[in-house]
Amino acid sequence: AKNLPLIMVNHRCAYVATASTAYMEDLYDKIDKAIEASKHGFAYVHVYSPCTTGWRFPSDQNMEVARKAVETNFVMLWEYNPQDGLRFTKPVDDPLPVTEYLKVMGRFRHLTPEQIEHIQGKVVENAKFVQRFSEQAHGR
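Note that the structure is a prediction, hence the values are computed from the model and not measured. (Residues numbered from 1 in each chain as written. Predicted model: local features only at pLDDT ≥ 70, side-chain atom pairs only at ≥ 80, totals over all residues. Heavy atoms only, no water.)

## Observations concerning the sheet that holds strand 4 (residues 85-88)
Piece 1. Pairing within the open sheet is mixed, and its 4 strands lie in the order 2-1-3-4. The open sheet has two edge strands, strand 2 (43-48) and strand 4, and neither has a second partner. Pairwise comparison of adjacent strand axes, ignoring direction, gives a mean angle of 15° for this sheet.
Piece 2. The strands touched by helix 2 (residues 24-37) are strand 1 (15-20), strand 2, strand 3 (78-81) and strand 4; relative to strand 1, the strand with the most contacts, the crossing angle is about 160°. (Pairing = 2+ DSSP bridges. Helix = DSSP H or I, 4+ residues; strand = E, 2+ residues; numbered from the N terminus. Axes fitted to C-alpha atoms, helices over the stretch in contact; angles between N-to-C directions. Contact = heavy atoms within 4.5 Å.)

This is the structure we're talking about:
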């Protein structure tokens, strides 16, 4: 899968952010910033919101699934603007294993341990890539 938010950063947007329905204050803050940025450039907000029907989990677990996605780094919450670069808004320094996210949804029950290990590797790889991008933006 392509990391569309990072692609939007490379298109020199005035504001780019990732958000999750698990962290509504963060989401609202990013929407406000995107609206303001859109007055002088293009703004893009990528919102992660689990689908209870398609992903096969009970609707009362929606917030739990959304939180687990962030706590495992499956979804990373950050924002970018050309002046400040990329900044994490909900950094996860010690992420949970991706199995904590996958096991709560029926759509992943068929995965083998090898497939889960592959997904974990991709999550770690993506987290390192975004972290390096953030460090480059801040001269670290």
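## What to know about the nonpolar core
Piece 1. In this structure, Tyr48, Val65, Tyr101, Leu102 and Met105 are the most contacted members of the largest nonpolar core, which totals 20 residues.
Piece 2. Listed by contribution, the elements that provide at least two residues to this core are helix 4 (62-71), helix 5 (99-102) and helix 6 (113-137).
Piece 3. Looking at which element gives the most residues to this core, the answer is helix 4, with 4 residues.
Piece 4. Once residues lying within four places of it in the same chain are set aside, the contact partners of Met105 are Trp55, Arg56, Phe57 and Val65.
Piece 5. Formed by 14 residues, the second largest nonpolar core is a distinct cluster that contains Tyr44, Trp78, Tyr80 and Phe88. (Core = buried A, V, L, I, M, F, W, Y, C linked by side-chain atoms within 4.5 Å. Buried < 20%, exposed > 50% of the residue type's maximum accessible area, 1.4 Å probe, protein only.)

## Thoughts on the environment of Gln120
Piece 1. With respect to the helices, strands and loops of the structure, Gln120 is situated in helix 6.
Piece 2. Taking relative accessible area as the criterion, Gln120 reaches 23% and is therefore assigned partly exposed.
Piece 3. Separated by 105 residues in the primary sequence, Gln120 and Tyr15 have C-alpha atoms spaced 29 Å apart.

## So, the packing of aromatic side chains
Piece 1. Here the structure, examined in full by the defined rule, presents 2 aromatic pairs.
Piece 2. Taking the centre distance of 4.6 Å and the plane angle of 35° together, the rings of Phe74 and Tyr101 count as tilted. Residue Phe74 is located in the loop between helix 4 and strand 3, and its partner Tyr101 is located in helix 5; the two are separated by 27 residues in the primary sequence.
Piece 3. For Phe74, a relative accessible area of 32% translates into the label partly exposed.
Piece 4. Judged by centre distance (6.4 Å) and plane angle (50°), the ring pair of Tyr101 and Phe108 falls under tilted.
Piece 5. Judged by relative accessible area, which is 0%, Tyr101 ranks as buried.
Piece 6. By relative accessible area, which is 17% here, Phe108 ends up buried.
Piece 7. Put simply, the rings of Phe74, Tyr101 and Phe108 pair up and form one aromatic cluster. (Phe/Tyr/Trp six-rings, centres within 6.5 Å; stacked < 30°, edge-to-face > 60°.)

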